[in-house]
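Working through the structure, step by step
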Amino acid sequence: MPAFEPDYVFFEPRALEYPLGQELMERFKEQDVPIQMTTSHNQVRGIPGDTPTAAYRNAKRTFVVGVRKTLKFDTSKPSAEYAIPLATGCMGHCHYCYLQTTLGAKPYVRTYVNLDDIFEQAKKYIDERAPELTRFEAACTSDPVGFDHITQSLYKAIEFMGQQKYGRLRFVTKYHHVDHLLQAQHNGHTRFRFSLNADYVIKNFEPATSSFQDRITAAGKVAKANYPLGFILAPLIRFDGWKEGYTELFERLDKELIADARKDLTFELIMHRFTKTAKRVILDRYPKTKLEMDEEQRKYKWGRYGRGKYVYQNDEAQELREYVQDLIKQAFPEAKIEYFT
Ligand code: SF4
């Protein structure tokens, strides 16, 4: 899959006061991408599309260059103290993407160019907690690797955090365009995680993201660049042939990862679940999806504020959990399973 290049670009005027904003303007002008100015990202108008589906697809091919005004970072418990805001939105079309319910009708990629302000704020948070480590998650509202060949913001965040004795960065990606990040001076302060799944799941439910093979090859490169490495396997799905599918995933990973990477490897595992709201949004956006979301076959798990989820039945969940845990233990006995939910 080629690296993402947008079809439509919008600039907030203040973005041009920053060097990155100016660089991006030059880049898009050279490429002859249609550029429009917008007073604020909430005012983005003119993304074409005769139907809501077409407008949504085009919005996913749109890039908005803006300034981050709020410098108060959101918390990102339990895996990090803060979410570091580099961008929002994503060009991927994963049927179960969490952004579909959180970003709604504004799925475009919006990147922030006032990186110095953002890093300065991160430094304040680090200083407040020192000598405790402060961890920042860069992929709470986006997949920043997928367009970092355009902005280099993630690259800069990695190098910034590499210089922070008490700061750590983490992010997760479904993209394989990592080559420029291999050169970054990370000093072991960034955990580079890949979201992986069985080939069947990636092919059927994750359009416009990198393939199974490409992600695994990229993980191998990241391991060789001495980054602490991690994998999020989510959602784990009981599709027809799931045991073979997940076995193949671990066989491929086992072949790809060098010995050094195995000593500090993390796994985060999340079984498939859905809410009524998410199901409605998914069927609206991807009406032909093969994603199984049959309430009758699931167990209802009560949640806070009445927002319950449909999860696998106990015996099915246990079988899935044991099977995947065994695969991890066999291939990577030193790896840490951070959670399995
Ligand atoms: Fe959402 Fe991640 Fe897929 Fe992008 S790659 S659509 S952020 S799940």
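Residues numbered from 1 in each chain as written. Predicted model: local features only at pLDDT ≥ 70, side-chain atom pairs only at ≥ 80, totals over all residues. Heavy atoms only, no water.

1. Re the pattern of salt bridges
The tally for this structure, following the rule as stated, stands at 25 salt bridges. For Glu 81, the salt bridge identified is with Arg 129, shortest N-O distance 3.8 Å. With a gap of 48 residues between them, Glu 81 in the loop between strand E3 (62–66) and strand E4 (82–83) and Arg 129 in helix H4 (residues 115–129) connect regions that are remote in the sequence. By relative accessible area, Glu 81 is classed as buried at 8%. Three or more residues joined by partner-sharing salt bridges are found here, namely Glu 137, Arg 170, Arg 193, Glu 268 and Glu 338. (Salt bridge = Lys/Arg side-chain N within 4 Å of Asp/Glu carboxyl O. Helix = DSSP H or I, 4+ residues; strand = E, 2+ residues; numbered from the N terminus. Buried < 20%, exposed > 50% of the residue type's maximum accessible area, 1.4 Å probe, protein only.)

2. Topic: H4
An α-helix turns once per 3.6 residues; consequently, residues spaced three or four apart project the same way. Between its first and last C-alpha atoms H4 spans 22 Å; for 15 residues at 1.5 Å apiece the expected length is 21 Å, and the two agree. Within the sequence span of H4, burial applies to Leu 115, Ile 118, Phe 119, Gln 121, Ala 122, Tyr 125 and Ile 126. The buried residues of H4 occupy one face: seen down the axis, they fall within an arc of 160°. Exposed side chains of H4 directed beyond 90 degrees from the buried face belong to Asp 116 and Glu 128. Where the residues of H4 are buried, they touch helix H1 (19–31), E4, strand E6 (109–112), strand E7 (134–137), helix H6 (153–162) and strand E8 (167–173). (Expected span 1.5 Å × (residues − 1). Arc of directions from axis to C-beta. Contact = heavy atoms within 4.5 Å.)

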